[in-house]
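Structural description and commentary
Here are the chains, one letter per residue:
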Amino acid sequence: MVRLRRSVSFIFSFVVAAIASRLAADVFFSDGSDPVDVVRILLLATTTAWIAWGASLAVQGVFISDKKSRPRDRHPVPLDAGKIGVLVPVYNEDPVSVASRVMAMARSVEATGEGRRFDFIVLSDTQDDTIANVERRCTQRLRSEGPEAIRFFYRRREKNTGKKAGNIAEFLRGSGAAYPFLVILDADSLMEGETMVEMVRRMEAEPRLGLLQTLPKIIHAKSWFGRAIQFSAAFHSPAFTRGLAAMQGRTGPFWGHNAIVRTRAFAESCGLPALTGKPPLGGHILSHDYVEAAMLARNGWTVRVDADLEGSYEEGPDNIIDFAKRDRRWCQGNLQHGRLLGAPGLKPWSRFVFAQGIMAYLASPLWLVFLVATLLAPLLAPPLNYFPQPRMPAIFPRPETMQAIALLVGIFGLLIGPKLLIAGRALVTGQSKTMPMRVPFLRSTVAEVLWSSVLAPITLMFQSRSVFQVLLGRDGGWPASNRDADEIGMRESWAASWWIVATGVLLLAGSVEFKADLFYWFLPVAVPMILAPAIISWSSRRHSGQKAAQAGLFLTPMELAPAPVIQAYEAHRAGWRHEALTPDVTGQAGLQTGQVAAS
Amino acid sequence: MSSVPEVKMMSERHSQDMHPPVAPLAMPEQMIERPRRPFRLAVLLSAFLSPAS
């Protein structure tokens, strides 16, 4: 079945690319053919095949039930012997927020009756001593006030060699034998205790299961930008994940957090050496999670994502700049995978996943080159020949506008169609029952589609720049996330995006100069580019998010009825943040959430 | 009345040492890159141009 699904998706992508090429040839060759036209057709075929591949994942996901595959045991049995370590790697994050999450998860685990099986371990790579002191005091507080049955530990590395992968590897080498299973989280992860217990049950039930990944939902978004992603993660991501899971078989994904691993399998398979050479393409592997999944599969372990596991959450960037910063790291990490395409012993699907991750970033510069080639094509076109056959009437070139429109509609259909299908499924299957408002849900879907169309040219530019930087040898480093200080002013926004504005202006001016017909075709791309500073700034503001919420836009079930673990986290954090003003709690008067994250 | 493990746990909870338990586990480094082989054309040329040939 897995092979059939893969074959269908490959064939679908190939057929779509062939149709797009045919239509493009009709349009581009209408005024004569030249090498630039051939390049444009090749670029369009590649990018269209990539979009079609994504669409095929989502469409498959729409028709797969999320309850069908692995329903939860109705009569859960107690867990077997052995401890489970819950790892919380941190790097200069806000300690009060991290400790509040740990406390909420610990209490949630205790409520399942399996608390004695769990240890929570904060693995700090924090380089700032002030923050590290607060981390220690927060852990002491967890030990004194947390559930009696659960143990809490704290370990700090002075040097963060190997970043997060190195942090976890050092823990495994020092303490791994104490834990048959490890739940790996991020600093901003949150999971229900019942979900963690269920994950352990599934691991215990399948001895060859090396890693089980959940699909975390995004929570706590405040701005328009963050809320749009939150909505998309709540409704679109599960369908894409179900499609992905159905196609990956035993060679599933690891997204670095909100997952459980079999410690022995992980230790024997995932010792990551640094790549030869210097960054950006050499050195420590930034996107280590994809590689770890491939290495587990190489050693015969099953890696699986179970989209039916609820109760798994994370926070996301609340503005385009933070999103682009994170994307820069992921871009460098995925392009590093080019070095591993020929790694010995990997499963073919793992190699394909690497190629897919690389293509996720290469697609943007390919689109950009396509736009530039389209702009320059009239300059390089051969002179028009109205009399290709002697003594015959003149032949005038036809603009082939209908084919061009068909091409554009087809590409937009591939991008938008899956989202509309997902919305239809949510309405038909009653997924939207948890949200008693069909009209706002549909309105949100339309708003998300329009918003992603506005956002696409801006992210295209940021991603293209990331790819060019990596290919030119610039290392992006590893900046700390800055998820609480998220509002972007116009000055900062302009500084980050003036070059996008310049590109938009050049595209429009070029179209007027070289081929006036192109002006209207370029408008949907160039206008968001020219407005980028305003879009970035406005969409980062809490006010924009509040307006959206008041209008019923981008509401998610988790907002309307937050899970108990989310409520517990918010209560702990509110209390601790208030107390953090007094030195006897954290030892750092005035240390508040945003200040730590921004430091 | 507390059992022995519970007493041990209580003392752990109030200990200043917050380090996780010591339980080493081997995590050998894996081979993920093929060893680099010299470019074949260069090998051929060097063989062809070497004085011994």
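Going by the structure above, here's the rest.
Residues numbered from 1 in each chain as written. Chains lettered and ligands numbered in written order. Predicted model: local features only at pLDDT ≥ 70, side-chain atom pairs only at ≥ 80, totals over all residues. Heavy atoms only, no water.

Focus: the overall build of chain B
Counting its secondary structure elements, chain B contains two helices and zero strands. Taken over 53 residues, chain B has a buried fraction of 17%. Carbon and sulfur atoms form 68% of the exposed surface of chain B, whose accessible area is close to 4,600 Å². (Helix = DSSP H or I, 4+ residues; strand = E, 2+ residues; numbered from the N terminus. Buried < 20%, exposed > 50% of the residue type's maximum accessible area, 1.4 Å probe, protein only. Areas by Shrake-Rupley, 256 points an atom, 1.4 Å probe, with all protein chains shown as cover.)

Concerning the overall build of chain A
Check the secondary structure of chain A and you find 22 helices and 10 strands. The buried share of chain A, taken over its 599 residues, is 56%. Considering only residue pairs separated by 6 or more positions, chain A has 83% of its internal contacts joining residues 24 or more positions apart. (Contact = heavy atoms within 4.5 Å.)

Some words on unusual backbone geometry
Residues and elements named next belong to chain A. In this chain, P279 is followed by P280 through a cis amide linkage whose omega measures 10°. With respect to the helices and strands, P280 occurs in the loop between α9 (263–269) and α10 (288–298). Residue H220 is not a glycine yet carries a positive backbone phi of 65°. By the element assignment, H220 lies in the loop between β7 (217–219) and α7 (224–235). A relative accessible area of 23% means that H220 is categorised as partly exposed. Its identity is not glycine, yet N258 carries a phi of approximately 55°, on the positive side. Looking at the element boundaries, N258 is found in the loop between α8 (237–248) and β8 (259–262). Residue N258 is classed as buried on the basis of its relative accessible area of 0%.

Concerning the interface of chain A and chain B
At the interface, 46 residues of chain A touch 26 residues of chain B. Of the roughly 3,200 Å² buried between chain A and chain B on both sides combined, carbon and sulfur atoms contribute 54%. Among the residues chain A hides against chain B, the three largest losses belong to R143, R173 and P344 of chain A. Together they make up 20% of the total. For the pair chain A and chain B, the number of links is one salt bridge. In this structure, E33 of chain B engages R339 of chain A in a salt bridge whose closest nitrogen and oxygen atoms are separated by 2.3 Å. Counting across the chain A and chain B interface gives 13 residue pairs in polar contact (both at pLDDT 80 or more). Looking at the side of chain A that touches chain B, the elements with two or more residues in it are α4 (129–145), β3 (151–156), α5 (163–175), α9 and α10 of chain A. Among the residues forming the side of chain A that touches chain B, the class breakdown is 24 nonpolar, 12 polar and 10 charged. (Buried area = accessible area lost by both parts, 1.4 Å probe. Salt bridge = Lys/Arg side-chain N within 4 Å of Asp/Glu carboxyl O. Polar contact = N/O pair within 3.5 Å; in protein donor to acceptor, adjacent residues only side chain to side chain. Nonpolar A, V, L, I, M, F, W, Y, C, P; charged D, E, K, R; others polar.)

A closer look at the sheet that holds strand β10 (residues 312–315) of chain A
The three strands are arranged β5-β10-β7 (chain A) in an open sheet whose pairing can be described as mixed. Whereas interior strands pair on both sides, the edge strands pair on one side only; in this sheet they are β5 (190–191) and β7 of chain A. (Pairing = 2+ DSSP bridges.)

Comments concerning the packing of aromatic side chains
Residue and element names in this part refer to chain A. This model, assessed by the stated rule, comprises 20 aromatic pairs over all chains. Aromatic side chains W224 and W451 sit 6.1 Å apart centroid to centroid with 80° between the ring planes, which places their arrangement in the edge-to-face category. You can see W224 sitting in helix α7 and its partner W451 sitting in helix α14 (residues 438–471), a full 227 residues away along the chain. Accessibility assignment for this pair places W224 and W451 in one class, buried. These aromatic residues form a ring-pair network of at least three members: W224, F231, F235, F441, W451, W538 and F554. It is R6 that lies over the ring of W349; its NZ or CZ is 4.0 Å from the centre. Cation over ring: R40 sits above F28, and NZ or CZ is 3.7 Å from the ring centre. (Phe/Tyr/Trp six-rings, centres within 6.5 Å; stacked < 30°, edge-to-face > 60°. Lys NZ or Arg CZ within 6 Å of the ring centre and 35° of its normal.)

Remarks on the side chain of S108 of chain A
Residues and elements named next belong to chain A. As for its placement among the helices and strands, S108 is situated in helix α3 (residues 95–111). The class of S108 is buried, set by a relative accessible area of 15%. Within the structure, the side chain of S108 is placed 2.6 Å from the backbone nitrogen of G193, a separation counted as a polar contact. Among residues more than four places away in sequence, those in contact with S108 are E192, G193, E194 and V565.

Things to note about the nonpolar core
Residues and elements named next belong to chain A. Ranked by internal contacts, the top residues of the largest apolar core, which has 56 residues, are I320, F462, I500 and F554. Considering every element that reaches this core, the biggest residue donor is α14, with eight residues. Apart from residues lying up to four places away in sequence, I320 is in contact with F225, L455, I458, F462, I535, I536 and S539. Counting residues in each nonpolar core, the second largest holds 47 residues, with L142, F152, Y154 and F181 among its members. (Core = buried A, V, L, I, M, F, W, Y, C linked by side-chain atoms within 4.5 Å.)

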